[in-house]
Amino acid sequence: MNNLTIGQKQTRLIQALPEQLISQIAAGEVVERPSAVVKELLENALDAGAANITVRLEQGGIKRVAVTDDGCGIAPEQMVLAVARHATSKIASLSDLENVTTLGFRGEALASIASVAYLTLSTRTVDAPHAWAITGNGDQDIVITPASGVPGTTVDVQDLYFNTPARRKFLKSEQTEFGHCAEVVRRTALSRPDVSFVLTHNGKTIDQWQATDIARRSAHILGADFADARLPLDESAGSLRLHGFAGLPTASRTRGDAQYFFVNGRFVRDRLLTHAARAAYQDVLHGDRYPSYLLALEIDPTQVDVNVHPSKIEVRFRDSRAIHQFVFHALSRAMAQTSATAFGSTPAPQAAPSATLPWIGERQQGTPRYGTGFPQELLASPAGVAQTLADYGALFQTALPKPAGIVSNAVPDGEFPLGFALAQLHGIFILAQNALGLVMVDTHAAHERILYEQLKDAMQEDEMPVQALLIPLTFRADGVDVGIAEEHGETLSKLGFDIAVISPVTLAVRAVPALLKNADIEKLARDVFREVREFGGARVLTERRNELLGTLACHTAVRANRALTVPEMNALLRQMEVTQRSDQCNHGRPTWVQLGHADLDRLFLRGQ
Ligand code: ADP
Ligand code: MG
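Residues numbered from 1 in each chain as written. Chains lettered and ligands numbered in written order. Predicted model: local features only at pLDDT ≥ 70, side-chain atom pairs only at ≥ 80, totals over all residues. Heavy atoms only, no water.

A large share of strand β7 (residues 196-201) lies buried, amounting to six of its six residues. Of the two faces of β7, the one holding Ser196, Val198 and Thr200 and the one holding Phe197, Leu199 and His201 are both buried throughout. Bridge count between strand β1 (residues 52-58) and β7: six bridges; the pairing is parallel. Residue pairing for β7: Val55 is matched across the bridge by Leu199. Bridging between β7 and strand β8 (residues 204-209) involves five bridges; their strand directions are antiparallel. By the bridge assignment, Val198 is partnered in β8 with Gln208. (Buried < 20%, exposed > 50% of the residue type's maximum accessible area, 1.4 Å probe, protein only. Helix = DSSP H or I, 4+ residues; strand = E, 2+ residues; numbered from the N terminus. Pairing = 2+ DSSP bridges.)

Below, the structure written as structure tokens:
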């Protein structure tokens, strides 16, 4: 009877499983590894209204996971129920399930954990004279004893999988398991900055976060890279709200490990949301980079099913299309704000810090002033300052122009946020003066972004301005390209190109998009043909379109070492100010940086 192999004909009786085995089966889903225990216990602590939570781990959580909170506690007569399967205080009916606002609701975590580990629950409600503790796993009788302790709850889980050795074998090294546990604590701490967290491992304190607001909590947890390059965002539509921080392209990463999405306060991994975010970033991020973000989606609980996954890490939206659209547009709009106009007109608001409120529910205001700041590491050490001084000293001596009429000290505030050009540095950077100090622009990157946005706008409106060439440019082509010129004339013309077949091996470009008329025309034509060859005419006009326009813009944008006149530079600055997303080139690099008066003072050690 025990040796049943699959496919073997053998009649076995159907029988109800013992409670303990049911829990152990459920534990396979709920308690996959120590970090799952951490997650369940943290959720319980938050559901209990805790303000302070301590997580103690030993040996990556395999030996011990103990979570202490100062939440509401459990009355002694309820304690046995707490560790019973399908017993919960959080829902009582189907309509509760459809409106669930707590993190837990399935009533199986403690029972599942107790079936595969030694679990001790000690708890005290505020009005109880002392605490009570219960110990035992499903194998043993549960014993309740009086205990000492302040109001709140400690759940202490030891020797995970001591009774299911097969499962224990799946556990990884102590360090790996600890890493998973620490990530769960980080996520939870990001979801609730109003709660203090302490994490210890093998007796050492690893992390400690005081209650604060989300701007500070996320800066602590996600680091300066993210904190220095992010846009606060808060968009609502009907009952939907998306808020949090969208990392700027400069905060992007080589892995998708700084992407945090919370739905009604619950951390989720959701393909729909990830996809919407990725699509929104597509325009500002190179394909092999991953955006970083910390976003909270709030939605009417009846519009989302959180009960589709045993550990509730996936959700299902009733109207997934609408959610996708909403998230995509909210993020795209945030990205579009990263133009120079956002700067100068707003007085430096960072995310509104509202001390103790959970950010799930807290309003963020304003946008940061610019996409990127002066590299702080250069200013951080004396050596860095010296190097910077050397770099800039050299440039100011050689490149500062004679005072020109347009260099005005009275820059009208907010009117020309990027100020006025002073000079060009090594044919690469534009130096400009604005009300705040010095602006440096990467000419090629900025021009590329402007062209790209103009091309996209023109295609959107379906009226790409075309420039006919006085003398058509002929070039040698192979049979495939000739075929493309013959078959895809319409696609080419939508893109602003008129390309004629002159002979079986010769093509002639007769017109190009006016925006690109200064480029190497043959190169442009070859770019277009390569795309059509690889992806077909239809896709070139749809999903591949922006990619192609980006390539064309890159090949047309001012190359390094082309000297620009001051009026040309100013024209570029003015165009940047009115161009969406002009803070980044379409590979996600910054196009300009501001060096403020304070930064300059620091460089020269003034006022110190
Ligand atoms: P669920 O969270 O889905 O209700 P659990 O098995 O995780 O199921 O917990 C069962 C019940 O025990 C909860 O509904 C709650 O009433 C109580 N409980 C668990 N942990 C705590 C805690 N830290 N503080 C207060 N009550 C708790
Ligand atoms: Mg729970």
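Let's shift gears to the packing of helix α15 (residues 479-487) against helix α17 (residues 521-541). Two numbers describe how α15 lies on α17: the axes approach to 10 Å, and their chain directions differ by 90°. By the angle class used here, α15 and α17 are roughly perpendicular. Touching Val480, Asp481, Ile484 and Ala485 of α15 are Arg526, Phe529, Val532 and Arg533, all from α17. Among the residues forming the contact of α15 with α17, the class breakdown is five nonpolar, no polar and three charged. (Axes fitted to C-alpha atoms, helices over the stretch in contact; angles between N-to-C directions. Parallel < 35°, antiparallel > 145°, perpendicular 65-115°, else oblique. Contact = heavy atoms within 4.5 Å. Nonpolar A, V, L, I, M, F, W, Y, C, P; charged D, E, K, R; others polar.)

Attention now goes to the confidence of the model for the protein chain. With 84% of its residues at a pLDDT of 70 or more, the protein chain shows a mean pLDDT of 81. Note on residues 341-359: pLDDT under 50 across the span, and 55 contacts to partners over four residues away in sequence or across chains. Low pLDDT, under 50, characterises residues 361-413; the stretch is placed with 100 contacts to residues that sit more than four places away or in other chains. (pLDDT = per-residue confidence, 0-100.)

Now for a negative patch on the surface. Taken together, the side chains of Asp457, Glu461, Asp462 and Glu463 make up a negatively charged region of the molecular surface. Among the structural elements, Glu463 can be located in the loop between α14 (443-460) and β19 (466-476). In this structure Glu463 comes out as exposed when scored by relative accessible area, which is 58%. (Patch = residues over 30% accessible without salt bridge, like charges linked within 9 Å, V, L, I, M, F, W, Y side chains within 5 Å. Areas by Shrake-Rupley, 256 points an atom, 1.4 Å probe, with all protein chains shown as cover. Salt bridge = Lys/Arg side-chain N within 4 Å of Asp/Glu carboxyl O. Lys, Arg positive; Asp, Glu negative; His and termini not counted. Charge placed at Lys NZ, Arg CZ, Asp CG, Glu CD.)

Looking now at the site of ligand 1. Close contacts around ligand 1 come from 18 residues, with Asn44, Thr88, Ser89, Lys90 and Gly107 the closest. In the model, a nitrogen atom of ligand 1 is placed 3.4 Å from a nitrogen or oxygen of the Thr153 side chain. Of the residues contributing to the shell around ligand 1, the split by class is seven nonpolar, seven polar and four charged. (Near = heavy atom within 4 Å. Polar contact = N/O pair within 3.5 Å; in protein donor to acceptor, adjacent residues only side chain to side chain.)

For the rest of this paragraph, the subject is the pattern of salt bridges. Applying the stated criterion to the full structure yields 32 salt bridges. Taking the shortest distance from any N to any O, the salt bridge between Arg530 and Asp527 comes out at 3.1 Å. Taken together, the residues span about one helical turn, with Arg530 and Asp527 both in helix α17 at a distance of three residues. Overall, the relative accessible area of 46% leaves Arg530 in the partly exposed class. In this structure Asp527 comes out as buried when scored by relative accessible area, which is 3%.

Let's shift gears to helix α1 (residues 19-30). Compared with an ideal rise of 1.5 Å per residue, which puts 12 residues at 16 Å, α1 spans 16 Å between its outermost C-alpha atoms and is within 8% of the ideal. If you check which residues of α1 are buried, you get Gln20, Ser23, Gln24, Ala26, Ala27, Gly28 and Val30. Buried residues in α1 make contact with α2 (34-47), α5 (109-116) and α6 (165-168). (Expected span 1.5 Å × (residues − 1).)

Once that is clear, we can look at the sheet that holds strand β18 (residues 437-442). Pairing between the strands of a sheet is mediated by backbone hydrogen bonds and can be parallel or antiparallel. Sheet architecture is open: four strands sit in the order β16-β17-β18-β22, paired in antiparallel fashion. Looking along the sheet, the strands with just one partner apiece sit at the ends: β16 (420-425) and β22 (592-596). When strand polarity is set aside, the average angle formed by the axes of neighbouring strands in this sheet is 25°. The sheet contact formed by strand β17 (residues 429-434) and β18 spans six bridges and is antiparallel. Pairing of Gln433 across the sheet is with Leu438, part of β18. Along the sheet, α14 makes contact with β16, β17 and β18, crossing β18 at roughly 70°. On the sheet, helix α19 (residues 566-578) packs against β16, β17, β18 and β22 and is oriented at approximately 115° with respect to β16.

What follows deals with the nonpolar core. Ranked by internal contacts, the top residues of the largest apolar core, which has 54 residues, are Val38, Leu41, Leu42, Ile53, Val55, Leu119 and Val157. The element that contributes the greatest number of residues to this core is helix α7 (residues 174-191), accounting for seven residues. Formed by 35 residues, the second largest nonpolar core is a distinct cluster that contains Phe105, Ala246, Phe261 and Ala277. (Core = buried A, V, L, I, M, F, W, Y, C linked by side-chain atoms within 4.5 Å.)

This next bit is on the packing of aromatic side chains. Under the counting rule described, the total for this entry stands at seven aromatic pairs. A ring pair is formed by Phe262 and Phe267, whose centres lie 5.8 Å apart and whose planes are at 70°; its orientation type is edge-to-face. Judged by its relative accessible area of 11%, Phe267 is buried. Ring geometry for Phe416 against Phe420: centres 5.4 Å apart, planes inclined by 65°, an arrangement best described as edge-to-face. Owing to a relative accessible area of 25%, Phe416 belongs among the partly exposed residues under this scheme. (Phe/Tyr/Trp six-rings, centres within 6.5 Å; stacked < 30°, edge-to-face > 60°.)

A separate point is the packing of α2 against α5. Close contact between α2 and α5 brings their axes to 10 Å; oriented N to C, the two are set at 145°. For the crossing formed where α2 meets α5, the hand is left-handed. Where α2 approaches α5, its residues Val37, Glu40, Leu41 and Asn44 are matched on the opposing element by Ala109, Leu110 and Ile113. The residue inventory of the contact of α2 with α5, partitioned by class, reads five nonpolar, one polar and one charged. (Left-handed = near helix turned anticlockwise from the far one by under 90°.)

So, on to the sheet that holds strand β9 (residues 230-237). What the five strands build is an open sheet, ordered β9-β10-β13-β11-β12; its pairing is mixed. Every interior strand has two partners, whereas the edge strands, β9 and β12 (266-268), have only one. For this sheet, the mean angle separating the axes of adjacent strands, direction not counted, is 20°. With six bridges connecting them, strand β10 (residues 240-247) and strand β13 (residues 293-298) associate as antiparallel partners. Residue pairing for β13: His243 is matched across the bridge by Ala296. Those strands touched by α7 are β11 (259-263), β12 and β13, and its axis lies near 55° from that of β11.

What follows deals with the side chain of Gln584. In this fold, Gln584 is placed in the loop between α19 and β22. Among the residues examined, Gln584 registers a relative accessible area of 1% and is labelled buried. Residues within four places of Gln584 in sequence aside, it is in contact with Leu248, Pro249, Thr338, Arg449, Arg589, Pro590 and Thr591.

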